[in-house]
Amino acid sequence: MSQLNAFHDFGALHFGRRAEFEQAEVQRVHEAVQDSGIRDLYVLVHGAHNDEAVAEAADDAFRGMLAEAWGDDAATVGCLTVGWPSLCFRDEGIPGVAEHETKREREACPGISEAMSDDLVRHLPDSASPLAEIAELLNGRPPHEGAFDDLGSALRRLAETPLQDPLTEFAADTEGEVMPQTDPLMLFEDTKTMCREFAGALGDLNGSVEATGAADEKPGEPARHEAGTGDSDSPVSRAGTLPEIRVAGHRPATPLSDRVSRTGTVAAGGPVGQDRRHQDSADLWRGAHELFRQVVRHVLRRRAGVVGQAGLGPCLAALVDASEARIHLVGHGLGGRVAGFALRGLETRGSDSVMLASLTLLQAEMSHFVFADSLPQQVSGHGALWNQRRLVNGPLICTFSHLDTHLGVMYPLSSQMVGDSAESATMSRKWGALGFDGIQGIDGPPNTTLDDTEKQNLGEMPYTNVDASSLFRSDDVPMGGHHHVFHSGVGRLLRKVAESCAEK
C-alpha cells in the first residue's frame, strides 16, 4: 500500500450489490492500519464508480485534498476508500471523465452513449433488458405517443423489487409514519407528464443560469433571516418564521424552481399534472433523459443503504476494535447515504459503544430530515438515523450548497412518494436534501461557512451545517455544484474535524 508525501494510503474496501465483501481484504486493511501506527484514518465514500478509471480519479481527488491539507504533518494520517457498485452519468462533470467526453455526452443528450450504456449494465446487470429498451427509446425518440408508455414500463421494470426483498426497507430516509411509502411518484404518474415536469425543471434551471438583472435575491442565494442580513430592510425571511428557522435551519429565500415550492401531489390534483403547456418533442425527450437519471439514482440510493448498513458499518466496527486510530467517515453525494447508513451497521454486534471519531457529509443525497426525531409535517415518524448520533464521538458535519441544483430541484421532484398526504408542506420542505439546505428538524444546529470553521471548535455542537454555496457552485445543468467539492477549503475542514477530535 502506497504513501504520498508520507500520507498513508490503505487502498480500498470493496462491496457488492448486496454488501458482500471479502473477509481477507478486510483483514489485510486491519493489519496494515495497525502496523502503520497512524493516529487518524479517513474512510472516504463517493458514488463515482462507473469504471476503474473513474473511481480511481475520484479517489485521487479526495486523497489529494487531504494530502495538501495535512502537508508535512501527514505521517500520522491515513486514507481508506470504499468501492461499491455505483455510478454517475458521464455528462455530470465527474473526475475521470475528460472534459471533451463530458461535452460530447451533453451534446448527445437525450441519447445514451455506448460508454454510458456499458456503465449501466456493469452495475445493474439484472436490468440489462429494460436498460437496452430505455437506451433504444432515448436514442431513437419515436414520435408516437405510445413511446412514453413504453418508457414508463421499462423504468418500472428497472426499479422494481419483490415486496419481500430487503431492499424495499432502504427506499426511504424516514420511518414510523402512519402510512409509510416506498414507491416514488415519478414511476407511477403518467410518464409523459413526468417527462414534461422534468423538462420544465431543466428549463427553469437554464433560465436561472441565464438570468441577469438587479433582483434582490437571486435563485439559490442564501435567505435572509429574522435578524436581517447586511443592509436588508426586510426583517423576516420569506423562507420561514424565526421559530421554524430555529428548528429547520435557514432556507434559500428564492427557490431554484417554483416547482419545488408547490404543495400537494398529482393524486390530490397537485402541481405535476397541472403544468400542461405546449412542449415540443425534443423538450419532452430531454425530460425523459432526466427522468431516467433520477430513476437510476433512486435504485442506487436503495443500494447505498444496504451497502452502508450491512457492509461498511460492520467492517468499520471491526476496524475500530483492531486499531487505536480515530476513524473519520466522509461521504459525498450517493456515498453520503452509504456513510449515513453505516451508522446503523455499527450496531449489528449489539454494542452501544461509541465507534466513529467523526462523520462528515459532503452534499449528501439524503433527506434533510434523516436525523430528525420527529417529522414536522407528519403526526408520527422520524428520520432513519434519528438515534444514531450517539455513535459518533466527535463532530457530525453536513455541508450544503444552495447552488447544488441536483439536490435543490431534481432530488425533491424524484423523491416524492405515491400517496403523500402532507398537502400543506411544499415539495422542497418535505422532500428536501441534506446537501441543499443542511440538517433539518433538529433543534439548534448552527449554520457556518467553510472559512469560519477554521476558527471554531467543531466538537462543541452535536450537528454543524456548513454553507459551502460560495465554492460548491456551477452553471452546469442539472447538477450545479453537486460534484464541485474538490477545494482546498474542504481539505482544511476535514483536517479541522480530526484536530477537534484530538482536543476532546
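Residues numbered from 1 in each chain as written. Predicted model: local features only at pLDDT ≥ 70, side-chain atom pairs only at ≥ 80, totals over all residues. Heavy atoms only, no water.

Asker: Would you take a moment to explain the overall build of the chain for this structure?
Answerer: The secondary structure content of the chain amounts to 15 helices and eleven strands. The buried share of the chain, taken over its 504 residues, is 59%. Nonlocal contacts in the chain, meaning residues at least 24 apart in sequence, comprise 80% of its contacts between residues at least 6 apart. Of the accessible surface of the chain, which amounts to about 19600 Å², a share of 48% is contributed by carbon and sulfur atoms. (Helix = DSSP H or I, 4+ residues; strand = E, 2+ residues; numbered from the N terminus. Buried < 20%, exposed > 50% of the residue type's maximum accessible area, 1.4 Å probe, protein only. Contact = heavy atoms within 4.5 Å. Areas by Shrake-Rupley, 256 points an atom, 1.4 Å probe, with all protein chains shown as cover.)

Asker: What is the right way to look at the packing of aromatic side chains in this model?
Answerer: We describe a pair of aromatic rings using the distance from one ring centre to the other and the angle between the two ring planes. Inspection of every chain in the model, using the stated rule, returns six aromatic pairs. The interplanar angle of 25° and the centroid separation of 4.5 Å between the aromatic rings of Phe148 and Trp285 together place this pair among those described as stacked. Of the two residues, Phe148 sits in helix H6 (residues 146-159) while Trp285 sits in helix H9 (residues 281-322), which places them 137 residues apart along the sequence. The pair Phe148 / Trp285 is uniform in exposure class, with both members buried. (Phe/Tyr/Trp six-rings, centres within 6.5 Å; stacked < 30°, edge-to-face > 60°.)

Asker: What should I look at first to understand the packing of helix H5 (residues 128-140) against H6 in this one?
Answerer: For any two helices packed against each other, the geometry comes down to the angle between their axes and how far apart the axes lie. Put simply, H5 and H6 touch, their axes get as near as 9 Å, and they point 150° apart. Judged by the inter-axis angle, H5 sits roughly antiparallel to H6. Helix-helix and strand crossings are classified by hand; for H5 and H6 the assignment is left-handed. For the pair H5 and H6, the contacting residues are Ser129, Pro130, Leu131, Glu133, Ile134 and Leu137 in the first and Ala147, Asp150, Leu151, Ala154, Leu155, Arg157 and Leu158 in the second. Considering only residue class, the contact of H5 with H6 consists of nine nonpolar, one polar and three charged. (Axes fitted to C-alpha atoms, helices over the stretch in contact; angles between N-to-C directions. Parallel < 35°, antiparallel > 145°, perpendicular 65-115°, else oblique. Left-handed = near helix turned anticlockwise from the far one by under 90°. Nonpolar A, V, L, I, M, F, W, Y, C, P; charged D, E, K, R; others polar.)

Asker: What is the right way to look at unusual backbone geometry in this model?
Answerer: Negative phi is the rule for most residues except glycine; trans is the rule for most peptide bonds. A cis amide bond links Cys109 with the next residue in sequence, Pro110, at an omega value of 15°. With respect to the element layout, Pro110 can be found in the loop between helix H3 (99-108) and helix H4 (114-123). Here the amide bond leading from Val477 into Pro478 is cis, since omega sits at 10°, within 30 degrees of zero. Inspection of the secondary structure puts Pro478 in the loop between strand E11 (464-467) and helix H15 (488-503). Despite not being glycine, Arg141 has its phi angle at roughly 45°, a positive value. Of note, Arg141 is situated in the loop between H5 and H6.

Asker: Where do I start with the nonpolar core in this structure?
Answerer: Across soluble globular proteins, nonpolar side chains have a tendency to be buried as a group. Among the nonpolar cores identified, the biggest contains 100 residues, and Leu41, Phe292, Leu312, Leu329 and Phe371 are the most heavily contacted of them. With 18 residues, the single largest contributor to this core is H9. The contact partners of Leu329, leaving out residues within four places of it in the chain, are Val43, Val45, Leu312, Leu316, Ala339, Ala342, Leu356, Ser358, Leu359 and Thr360. Phe7, Leu66, Val330 and Ala498 belong to the second-largest nonpolar core, a separate cluster that totals 25 residues. (Core = buried A, V, L, I, M, F, W, Y, C linked by side-chain atoms within 4.5 Å.)

Asker: Help me understand helix H11 (residues 405-415) in this model?
Answerer: In an α-helix, one turn spans 3.6 residues, which is why side chains three or four residues apart end up on the same side. Counted residue by residue, H11 has eleven buried out of eleven residues, so it is predominantly covered. If you check which residues of H11 are buried, you get Thr405, His406, Leu407, Gly408, Val409, Met410, Tyr411, Pro412, Leu413, Ser414 and Ser415.

Asker: So what exactly am I meant to see when it comes to the environment of Ile397 here?
Answerer: With respect to the secondary-structure elements, Ile397 resides in strand E9 (residues 396-400). In this view, Ile397 contacts Leu359, Thr360, Leu361, Leu458, Thr464, Val466, Leu493 and Val497; residues no more than four positions away in its chain are not counted.

Asker: It is not clear to me how the confidence of the model for the chain should be interpreted in this structure. Could you clarify?
Answerer: In regions of low pLDDT, the predicted coordinates are not meant to be interpreted in detail. Within the chain, residue pLDDT values average 85, and 81% of them lie at 70 or more. A low-confidence stretch, residues 212-218 (pLDDT under 50), is modelled with five contacts involving residues beyond four sequence positions or located in other chains. Confidence over residues 266-278 falls short of pLDDT 50; this stretch has 29 contacts with residues more than four positions distant or in other chains. (pLDDT = per-residue confidence, 0-100.)

Asker: Honestly, the side chain of Gln363 in this entry has me stumped. Any pointers?
Answerer: Tracing the backbone through its elements, the reader meets Gln363 in the loop between strand E7 (358-362) and strand E8 (382-383). The exposure class of Gln363 is buried, given its relative accessible area of 0%. Of note is the side chain of Gln363, whose polar atom sits 3.4 Å from the backbone nitrogen of Phe400. Sequence-distant contacts of Gln363, that is, excluding residues within four places in its chain, are made with His332, Gly333, Thr399, Phe400, Ser401, Asp404, Leu407, Gly435, Phe472, His482 and Val485. (Polar contact = N/O pair within 3.5 Å; in protein donor to acceptor, adjacent residues only side chain to side chain.)

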